[in-house]
Structures are given as C-alpha cells and as structure tokens.
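Examining the three-dimensional arrangement
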Amino acid sequence: MNSKMGNLIVFTGPSGVGKGTVVKELFQNLDNLIFSVSVTTREKRSGEEEGKNYFFRTNHEFDELIQADKLLEWAEFVGNKYGTPKDFVFEKLKDGTDVFLEIEVQGALQVKEKFPEALMIFLLPPSIDELEARLRKRATEPEEKILLRLAKARDEMKYINDFDFSVINDSAQRAGKELREIILNRRIEKKNLLINDYERPIPNVQFQG
Ligand code: 5GP
C-alpha cells in the first residue's frame with residue numbers, strides 16, 4: 001500500500017457495549033477522519049436519516065450491490081444485512097483521509113483478510129455483567145432478545161485476538177480518548193516510515209568497466 005494513503009480503521013464491539021457514544025466522542029476530538037456510512041436492509045429507526053446513519057435498501061437492492069462487487073465486506077446480523085460501500089472507502093483513503101468503519105465482527109474479519117494493514121480495534125464492556133445490565137437498561141427488547149444478544153456478545157468476544165487493540169468502555173469519554181491516542185499513534189508510525197524511506201542511504205553500486 002502507498003504509505004501516503006489514509007488509514008483504514010475498523011471498530012467493533014458487541015451490541016450494547018456503547019460503540020455509538022464512544023464514536024461520537026472520538027469524532028468531536030479528531031480531524032482528517034471520515035465515517036463510512038453503511039448499507040443495510042434493516043428498517044429505519046425513528047430519528048435515523050438516509051445517507052447519514054445508513055443507506056437503507058431492500059434485500060433485492062442489497063443483493064445487487066453484492067453481485068456488482070460494490071461492497072468491501074458484508075454480513076448478516078440478527079436477521080438483517082449490513083455492508084460497507086467499497087468505492088467511498090478507497091476514494092477517501094487515496095485522498096489521504098483516514099476512514100472509520102463501525103461494523104460487527106464477521107465483517108471486520110473480512111476487512112482484515114482483504115486489507116491486512118487495517119487498524120483493528122475492539123470495544124469491550126467492563127464485564128459481561130455490566131453488558132447485561134446495559135442491554136436491560138435499554139428496556140426496549142423482550143427477555144429472549146436480550147439473551148440472544150448476550151450469547152452473540154460472548155461469541156463475538158472470542159475473536160478479540162484478531163484485533164490490534166482492545167479498549168474497555170468504562171467511560172465513553174475515557175474510551176474515546178484512548179481510541180484517539182491509538183489512531184494518532186498509527187499516524188505517527190506511518191510518518192516515521194515515510195521519513196525512514198526518505199533517509200535510507202542510496203546503495204553503493206559499483207560499476208564495472
Ligand atoms: P444496528 O442495527 O444496531 O444499527 O447495527 C447492528 C450491528 O451491525 C452493529 O454491531 C453495527 O456495528 C453493525 N454494522 C453496521 N454497519 C455495518 C456494516 O457495514 N458491515 C457490518 N459487517 N456490520 C455493520
């Protein structure tokens with residue numbers, strides 16, 4: 001990959017862990033970072049906007065995007081499909097902008113396979129008990145759905161070793177700060193790589209004759 005390209009940042013964590021609030025915190029405090037808006041087949045929730053929260057599409061339209069190879073990754077999550085528009089991500093990366101994907105684990109692993117230099121970050125709850133308490137606090141879902149999401153969360157956490165960093169969401173403000181540090185460090189590492197390339201001595205080639 002051209003080292004002047006932006007970084008691809010993949011942010012994952014189980015349902016109920018509070019990804020949204022941490023992401024908000026991060027975007028308030030970091031520039032040169034753009035959020036990738038996903039495509040989904042799920043119903044629009046009240047307050048959500050087309051093109052801002054998601055691109056809402058029918059199952060048929062979603063399948064057409066898959067066929068046309070327009071998605072960088074896609075996965076099914078609790079009965080709906082979610083995917084990342086590929087062209088947008090690559091255009092922004094080429095411009096040197098860091099692109100932020102907030103996606104579930106299976107999609108994250110697909111991105112890592114296609115794009116090994118992606119920066120992979122996993123958001124953890126302080127404990128499973130705390131996650132359960134947070135899911136219950138939402139109080140919008142029946143018991144069986146809560147148990148399903150908890151089982152899914154336990155399953156997702158098995159993949160933690162595939163990620164470069166884990167951040168504990170004990171407070172959204174603190175976790176957002178840590179996320180910012182991780183991204184800033186990656187930017188510095190890349191800058192150093194560029195400088196090293198520039199300063200590398202020209203090999204001493206001996207010409208014959
Ligand atoms: P929600 O329906 O609550 O908005 O999202 C459900 C899950 O889908 C969340 O874990 C969210 O991170 C994930 N998600 C959102 N967009 C994408 C996407 O483009 N690809 C994948 N694989 N997961 C996504």
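Refer to the structure above for everything that follows.
Below you will find a few notes about this structure. None of the values given here were measured: they were computed from a predicted structure. (Residues numbered from 1 in each chain as written. Predicted model: local features only at pLDDT ≥ 70, side-chain atom pairs only at ≥ 80, totals over all residues. Heavy atoms only, no water.)

Quick look at the nonpolar core now. In this structure, Leu-8, Val-10, Phe-11, Phe-100, Leu-101, Val-111 and Ile-121 are the most contacted members of the largest nonpolar core, which totals 42 residues. Of all the elements, strand β8 (residues 119–124) adds the most residues to this core, at six residues. Not counting residues up to four positions away in its chain, the partners in contact with Phe-11 are Lys-19, Val-22, Val-23, Phe-100, Leu-101, Glu-102, Ile-103, Ile-121, Leu-123 and Leu-179. (Core = buried A, V, L, I, M, F, W, Y, C linked by side-chain atoms within 4.5 Å. Buried < 20%, exposed > 50% of the residue type's maximum accessible area, 1.4 Å probe, protein only. Helix = DSSP H or I, 4+ residues; strand = E, 2+ residues; numbered from the N terminus. Contact = heavy atoms within 4.5 Å.)

Moving on, we get to unusual backbone geometry. Even without glycine at this site, Asp-69 takes up a positive phi of about 60 degrees. The residue Asp-69 is located in the loop between α2 (59–67) and β5 (71–77) in this model. Of note, Val-78 is a non-glycine position whose phi angle comes to about 40 degrees, a positive value. Note on placement: Val-78 falls in the loop between β5 and β6 (80–85). Accessibility expressed as a relative area gives 41% for Val-78, which makes it partly exposed.

Below, the discussion takes up the sheet that holds strand β4 (residues 54–56). Taken together, the four strands give an open sheet; going across it, the order is β4-β3-β6-β5, and neighbouring strands pair in mixed fashion. In this open sheet, the two strands that pair with only one neighbour each are β4 and β5. Across the sheet, the axes of successive neighbouring strands diverge by a mean angle of 25 degrees, strand direction being ignored. In terms of strand pairing, strand β3 (residues 38–40) meets β4 through three bridges, oriented parallel. (Pairing = 2+ DSSP bridges. Axes fitted to C-alpha atoms, helices over the stretch in contact; angles between N-to-C directions.)

Okay, helix α1 (residues 19–28) next. Among all positions in α1, only Lys-19, Val-22, Val-23, Glu-25 and Leu-26 are buried. Relative to the axis of α1, the buried residues are bounded by an arc of 160 degrees and lie together on one face. In this structure, α1 carries Lys-24 and Gln-28 as exposed residues pointing more than 90 degrees from its buried face. (Arc of directions from axis to C-beta.)

Read across the sheet, five strands follow the order β2-β7-β1-β8-β9 without closing on themselves; strand pairing throughout is parallel. In this open sheet, the two edge strands, each paired with only one partner strand, are β2 (33–35) and β9 (165–168). For this sheet, the mean angle separating the axes of adjacent strands, direction not counted, is 25 degrees. The pairing of strand β1 (residues 8–12) with strand β7 (residues 98–102) spans four bridges and is parallel. Residue pairing in the sheet places Ile-9 in a bridge with Phe-100 of β7.

Our focus in this paragraph is the environment of Lys-86. With respect to the element layout, Lys-86 can be found in helix α3 (residues 86–94). When the C-alpha atoms of Lys-86 and Leu-71 are compared, they prove to be 4.8 Å apart, with 15 residues separating the residues in sequence. If we skip the residues at most four places from it in the chain, Lys-86 touches Asp-69, Lys-70, Leu-71 and Leu-72. Within polar-contact distance, the side chain of Lys-86 engages the side chain of Asp-69 at 3.0 Å. (Polar contact = N/O pair within 3.5 Å; in protein donor to acceptor, adjacent residues only side chain to side chain.)

Here we take up the site of the ligand. Looking at the ligand, there are 15 residues lining it, with Ser-38, Tyr-54, Tyr-82, Glu-102 and Glu-104 nearest. Within the side chain of Ser-38, an N or O atom sits 2.7 Å from an oxygen atom of the ligand. Taking Glu-73, its side chain carries an N or O atom lying 2.7 Å from a nitrogen atom of the ligand. Expressed as a share of its isolated accessible area of 510 Å², the protein-covered part of the ligand is 90%. Taken together, the elements giving at least two residues each to the shell around the ligand come down to β5 and β6. Of the residues belonging to the shell around the ligand, the class tally is five nonpolar, four polar and six charged. (Near = heavy atom within 4 Å. Areas by Shrake-Rupley, 256 points an atom, 1.4 Å probe, with all protein chains shown as cover. Nonpolar A, V, L, I, M, F, W, Y, C, P; charged D, E, K, R; others polar.)

None of this, on its own, says anything about what the molecule does.
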